[in-house]
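So you can see what is in the structure, the chains are spelled out below.
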Amino acid sequence: TKLKRAVIERVSTILNKKPFEVAKHPVGIETRVHDVKKMLENGSNINGVHVVGIHGMGGLGKTTIAKAVYNDLGEGFNGATCFISNVRENAGQPNGLVNLQKQFIEDILKEKNTFLRDVAQGKNVIKDRASRKRVLLVLDDVDNIKQLDALAGGRDWFGSGSVIIITTRDEGVLLAHNVKQDEIYKPQELNEDQSRALFMFHAFDGEQPQGKYVQLSNEVVAAAGGLPLTVEVIGLLFSDKKNVQEWKDTLEKLKKIPPREVQKRLKLSYDNLEDLEKKLFLDISCFFIGENRENATYMWEGCGWFPNAAIMVLVRRSLIKIRVINKMDEKYELFEMHDQIRDMGRAIVDEECSRKLQKKSRLWNNQDSWDLLQRK
Ligand SMILES: Nc1ncnc2c1ncn2[C@@H]1O[C@H](COP(=O)(O)OP(=O)(O)OP(=O)(O)O)[C@@H](O)[C@H]1O
Ligand SMILES: [Mg+2]
């Protein structure tokens, strides 16, 4: 029975850690994974712990690379692996950092429902218990040194041979945490061939364009640039364009927005939605990220809206994602959204009426809600 239990335990740890889907249609991922692995080998490796920070702007593919590296290395760690997603967002929730520490304890130390009084206690537990373990830890989207202090406070917290990967938009956070220059990976944007491949996949469902669309596609690719998130969203936007004139009009709009204005470029896809789709999109970006589709649907149906077809459009355009989870034999569908796209949605709500709180259609920010409630 001992052997049986050991086998079951081993299999279930492996099964519970299914590899991530890296991207719908990954391009150029192998070279990026290769670069990170080389850096892990050749970096400073203080205390035998290999650290790589992945730094770059939103939508560049940092999370995607981190997932691919995690998938690639994961099996070598005997189940002692942990991928903490959206650290920035989650750490900002009530008890956020403690909950992330609990995730570490559950995934790596295999202890469920540990009671932690506060972050300081969590740090002690992790430090004491992980220091002789060889772990693979990904901290995705970190924006504050406190998050690193709470989850990977020092290299002596982990056993020799451990791998820590941190993604961030802010290089300063890495430097403040003593990540060395030779441990910071700055991925390049996609080159033109890679952008074209990604665009074609989304715009033509992987088929080759014909006739006038060949030249038009080349122009769109040139205008879209190499930021994977924009290439994906723009590709899906064009996939809904039915004729040459519509292609030309949308291309002209795209050309007018400078490449760095990512939100404005993403907004082209929003502008092209029907009214109901827009309303649902804004509701999700303000209130329903990580929430159950069913609950939101009750609310929308209460407004007399029939949301299902519109939700499918938003998914097809990559403006939202739906994650299916199974909990206690029940299936839940949760809404997800890329943080850049969420910020675009919230900015639209803010701009509707920037001065008068009471005129805003949605109050997503706690401070705004509080201010408004206090007035009456
Ligand atoms: N190499 C790639 N091939 C195909 N798609 C990609 C690639 N890199 C990124 N993407 C897609 O682009 C989008 C943005 O990527 P990702 O979420 O990894 O960016 P990020 O750098 O983590 O952004 P943020 O800083 O906002 O978290 C995702 O939808 C992802 O699937
Ligand atoms: Mg990310």
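Residues numbered from 1 in each chain as written. Chains lettered and ligands numbered in written order. Predicted model: local features only at pLDDT ≥ 70, side-chain atom pairs only at ≥ 80, totals over all residues. Heavy atoms only, no water.

### Structural notes on the domain arrangement of the protein
Next up, step 1: The domain boundaries assigned to the protein delineate domain 1 (2-185), domain 2 (192-271) and domain 3 (275-375).
Next up, step 2: For domain 1 and domain 2, the distance between their C-alpha centroids amounts to 34 Å.
Next up, step 3: Contacts between the two partners involve 9 residues from domain 1, matched on the other side by 11 residues from domain 2.
Next up, step 4: For the pair domain 1 and domain 2, the summed buried area comes to about 860 Å², and 68% of that belongs to carbon and sulfur atoms.
Next up, step 5: In this structure, the connection of domain 1 to domain 2 is made through 0 salt bridges.
Next up, step 6: A per-class count over the side of domain 1 that touches domain 2 returns 3 nonpolar, 4 polar and 2 charged. (Domains from an automatic or database assignment. Contact = heavy atoms within 4.5 Å. Buried area = accessible area lost by both parts, 1.4 Å probe. Salt bridge = Lys/Arg side-chain N within 4 Å of Asp/Glu carboxyl O. Nonpolar A, V, L, I, M, F, W, Y, C, P; charged D, E, K, R; others polar.)

### Comments concerning the packing of aromatic side chains
Next up, step 1: Here the structure, examined in full by the defined rule, presents 14 aromatic pairs.
Next up, step 2: Considering the side-chain rings of Phe199 and Phe238, the 6.0 Å spacing of their centres and the 65 degrees angle between planes classify their relative orientation as edge-to-face. One end of the pair, Phe199, is in helix α9 (residues 192-203); the other, Phe238, is in helix α11 (residues 228-239), with 39 residues separating them in the sequence. Per residue, the accessibility class of Phe199 equals that of Phe238, and both read buried.
Next up, step 3: Seen from their ring centres, Tyr270 and Phe281 are 5.6 Å apart, and the 50 degrees between their planes marks the pair as tilted. Of this pair, Tyr270 sits in helix α13 (residues 262-271) while Phe281 sits in helix α14 (residues 275-288), and the two are 11 residues apart along the sequence.
Next up, step 4: Classification of Tyr270 by relative accessible area gives buried; the value is 7%.
Next up, step 5: One aromatic cluster in this structure is built from Phe199, Phe204, Tyr213, Phe238 and Trp247.
Next up, step 6: A cation over a ring is seen here: Arg134 above Phe77, with NZ or CZ 4.4 Å from the ring centre. (Phe/Tyr/Trp six-rings, centres within 6.5 Å; stacked < 30°, edge-to-face > 60°. Helix = DSSP H or I, 4+ residues; strand = E, 2+ residues; numbered from the N terminus. Buried < 20%, exposed > 50% of the residue type's maximum accessible area, 1.4 Å probe, protein only. Lys NZ or Arg CZ within 6 Å of the ring centre and 35° of its normal.)

### Comments concerning the pattern of salt bridges
Next up, step 1: The tally for this structure, following the rule as stated, stands at 20 salt bridges.
Next up, step 2: Where Arg342 meets Glu89, a salt bridge forms, and the shortest distance between an N and an O atom there is 2.7 Å. In this pair, Arg342 is assigned in helix α17 (residues 339-352) and Glu89 in helix α4 (residues 87-91), connecting sequence segments 253 residues apart.
Next up, step 3: In this structure, Lys264 engages Glu261 in a salt bridge whose closest nitrogen and oxygen atoms are separated by 2.9 Å.
Next up, step 4: With a relative accessible area of 30%, Glu261 lands in the partly exposed category.
Next up, step 5: A cluster of three or more residues bridged by salt bridges with shared partners is formed by Arg88, Asp141, Arg169 and Asp339.

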